[in-house]
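Coordinate analysis (summary)
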Amino acid sequence: MTESWRPAAWRGFAWGALAGLALVALMYLAGAFLGLKPLPQALSGPVLALMPGFVFGFLIDSLQHAGKVVEEFGLIVAMIVGLGALGAAWAVTSRRWSFAQSALVFAAIGWLVVAAVLLPISGDGFLGLANGPTTPIVWALLFAIYGLILQMGTPKKPLPEQADPGRRRTLRAIPVAIGGVTLGVLALRLLPDWSNAIFNPPEAGLRGVSPEITPIPNFYIVSKNFSDPVVDEQGWSLSVGGAVDKPMKLSLAELRALPSATEYVTLICISNNVGGDLISTGSFTGVRLRDLLAMASPRANGTWAAFKARDGYAESLPLSLINGAPEVLVAYDLDGAPLPNSHGFPARIVLPGHYGMKGPKWLDSIQLVDHESGGYWEMQGWDHNAVVKTTSRYDVPRDGDIVRLGTVSLSGVAFAGTRGVSKVEYSTDGGKSWTTADFKAPLSPLTWVLWSAAWTPGAEGSYELQVRATDGAGAVQEARDTPSYPNGAAGHHTIRISVSKS
């Protein structure tokens, strides 16, 4: 009796998912050795663009660095499920239309969907040719392997009872072996990076009192990418054009030859939680953006500067803001050395007083236009202005610490963007009363301040400590807790500690 289509579909799905797992593992190996961009990485931009801003904000607030890991894992699972569905379609179709290696036809369909639909959507061009002619060839090989594994799921006549038991065990072991090997490859390829992203981000290496200058290995990193671009200095140039009379293309050497400026700047991510670590201070060197644009002779209709980055990131700033803020840099050095790749080598925009989303890394071009343009995160509902909110935090002690009864050292950082900090206060009774703390003069008007205080609790017990700052205009830090989406988190950093005699 001919089997019903449901068992065939489930068997085809299982073999399709197994073959898909093998394809995904080989895809990541091809990424490591052949330069192929894995599909989850290629699609991360379009997926984020489709994701409502409040959803991404929730993920960031809840998961912080794990957010991108969750997204990549989700895309891998979706890819395997999709390839499993392709296998189910093959199995059902094969009940009426069967011939040798018929699975390769469905593998070819999968290749066509990736090469002609998904890669163009990701920005890699038709067939992925934007990344070179080898891309469609490598994908064809991957799907050929998918088809060969899928073909193993072709229904066969049951083995007779007297068949060699060893042959039975071998046939049963094949899918288990394929699954085990491919899972092992994926684990070796992905788990170290995922583990570092979640448990060992750069800023996690700093404990205790914050230094005035954040060491570069500990300078926070946030990127929309699973894999950041690596830009070759020799082939790179910064294009300045649009509504200008003197368009320019500057190599890195030419950019460095222009009059430079160095600024101490604190950068903070708009997705930083209250009391979070996504805030760092460094010394940036580069060309003042307003001077660079003046060299290009802007026309009257060039009222906005639109930035494009190598990773597809886009942002724009009004020329009126740029002309009134000489501290805005096209930066090429951090702490006296070329920008590390993760911080935007060869050049990036540094916009003091605004959240990091306004400063594109891996900068490729600046075009003067007559309207607001781009805005990668703004397109998803994040704040267009992204002005830093006044914020402060405890570095010492940490939430949950047990301290000895006596004088307790309190310290942390406070930041209010270009408005500066005029006062820092701490509370040891959950915000009922406040005491003024001391703080060091900032390195510049663009950086955080380091505050400190000596507190002597009156007795043993549990205490709720809070901290708040007042900016240079006299505005006190917001007390009401709000999430990072859409314009930055607010509220008082609150920790709970225990005081003990022992």
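Here, every reference points to the structure presented above.
A brief look at the structure comes next. (Residues numbered from 1 in each chain as written. Predicted model: local features only at pLDDT ≥ 70, side-chain atom pairs only at ≥ 80, totals over all residues. Heavy atoms only, no water.)

1. A look at the overall build of the protein chain
When you go through the protein chain residue by residue, the secondary structure sums to 10 helices and 19 strands. With the C-alpha coordinates aligned to their principal axes, the bounding extent of the protein chain is approximately 85 × 70 × 35 Å. Taken across its 502 residues, the protein chain has 49% of its residues classed as buried. Across the protein chain, every contact between residues at least 6 apart in sequence was considered, and the portion connecting residues at least 24 apart equals 73%. When the accessible area of the protein chain is evaluated, it comes to approximately 23000 Å², of which 60% is carbon and sulfur surface. When the 38 positive and 39 negative side-chain charges of the protein chain are each reduced to one mean point, those points stand 10 Å apart. (Helix = DSSP H or I, 4+ residues; strand = E, 2+ residues; numbered from the N terminus. Buried < 20%, exposed > 50% of the residue type's maximum accessible area, 1.4 Å probe, protein only. Contact = heavy atoms within 4.5 Å. Areas by Shrake-Rupley, 256 points an atom, 1.4 Å probe, with all protein chains shown as cover. Lys, Arg positive; Asp, Glu negative; His and termini not counted. Charge placed at Lys NZ, Arg CZ, Asp CG, Glu CD.)

2. Some thoughts on the sheet that holds strand β1 (residues 238-242)
Neighbouring strands of a sheet are bound in pairs by backbone hydrogen bonds; such pairs are parallel or else antiparallel. Strand order in the open sheet made by the five strands is β2-β1-β10-β5-β6, with mixed pairing throughout. Since the sheet does not close on itself, it has two edges, and those belong to β2 (248-250) and β6 (314-318), each with one partner. Ignoring strand direction, the axes of neighbouring strands in this sheet form an average angle of 15°. In terms of strand pairing, strand β5 (residues 304-309) meets strand β10 (residues 363-369) through six bridges, oriented antiparallel. Each residue of the ladder has a partner; that of K308, found in β10, is S365. (Pairing = 2+ DSSP bridges. Axes fitted to C-alpha atoms, helices over the stretch in contact; angles between N-to-C directions.)

3. Quick look at the pattern of salt bridges
Applying the stated criterion across every chain yields a total of 12 salt bridges. The partner of E212 in a salt bridge is K440, and the shortest N-O contact between them spans 3.4 Å. Of the two residues, E212 sits in the loop between α7 (165-199) and β1 while K440 sits in the loop between β16 (438-439) and β17 (449-455), which places them 228 residues apart along the sequence. Using a relative accessible area of 26% as the deciding quantity, one classes E212 as partly exposed. For K440, a relative accessible area of 46% translates into the label partly exposed. One network of salt bridges, with partners in common, ties together E315, K358 and E378. (Salt bridge = Lys/Arg side-chain N within 4 Å of Asp/Glu carboxyl O.)

4. Focus: the pairing of strand β19 (residues 493-500)
Summarising the sheet, strand β12 (residues 402-404) and β19 pair through three bridges and their orientation is parallel. Looking across to β19, one finds that I402 is bridged to S498. One ladder, built from seven bridges, connects strand β18 (residues 461-471) with β19; its direction is antiparallel. Counterpart to Y463 in the pairing with β19 is I497.

5. Quick word on the pairing of β5
Across five bridges, the pairing between β5 and β6 is antiparallel. If you follow A305 over to β6, its bridge partner there is L317. Joining the antiparallel neighbours β5 and β6 is a turn of four residues, in which G312 adopts a positive phi near 90°.

6. Here we look at the side chain of S210
Within the secondary structure layout, S210 lies in the loop between α7 and β1. Within the structure, S210 has its side chain in polar contact with the side chain of D395 (distance 2.7 Å). Setting aside residues up to four positions removed in sequence, S210 forms contacts with R393, D395, V413, W448 and L450. (Polar contact = N/O pair within 3.5 Å; in protein donor to acceptor, adjacent residues only side chain to side chain.)

7. Details of the packing of helix α5 (residues 103-121) against helix α6 (residues 134-151)
Relative to each other, α5 and α6 sit at 145°, their axes nearing to 8 Å. Crossing geometry of α5 relative to α6 is assigned as right-handed. Here A103, L104, A107, G110, W111, V114 and L119 of α5 lie close against α6, whose contacting residues are T135, P136, W139, A140, F143, A144, Y146, G147, L148, L150 and Q151. Its residues assigned to classes, the contact of α5 with α6 shows 14 nonpolar, four polar and no charged. (Left-handed = near helix turned anticlockwise from the far one by under 90°. Nonpolar A, V, L, I, M, F, W, Y, C, P; charged D, E, K, R; others polar.)

8. A look at α5
The first and last C-alpha atoms of α5 sit 26 Å apart over 19 residues, in line with the 27 Å expected at 1.5 Å per residue. Remark: the principal bend of α5, roughly 30°, maps to V114. Among the residues of α5, those classed as buried are A103, F106, A107, G110, V114, A115 and L119. Looking one or two residues beyond α5, the residue adopting positive phi is G123, at roughly 95°. (Expected span 1.5 Å × (residues − 1). Bend = angle between axes of the 7 residues up to and from the residue.)

9. Focus: the nonpolar core
The biggest cluster of nonpolar side chains holds 47 residues, and the ones touching the most others in it are L255, F284, L292, V330 and I366. The element best represented in this core is strand β7 (residues 329-334), accounting for five residues. In this structure, F284 is in contact with F219, A261, T262, E263, V265, L267, L329, A331, D333, L334, L339 and V350, ignoring residues within four places of it in sequence. Formed by 39 residues, the second largest nonpolar core is a distinct cluster that contains A19, A103, Y146 and W194. (Core = buried A, V, L, I, M, F, W, Y, C linked by side-chain atoms within 4.5 Å.)

10. Topic: the side chain of D124
Here D124 is to be found in the loop between α5 and α6. Assessed through its relative accessible area of 5%, D124 is described here as buried. At a separation of 3.5 Å, a polar atom in the side chain of D124 contacts the side chain of K37. For D124, the residues in contact, after removing those within four places along its chain, are K37, A42, L119, L129, A130 and N131.

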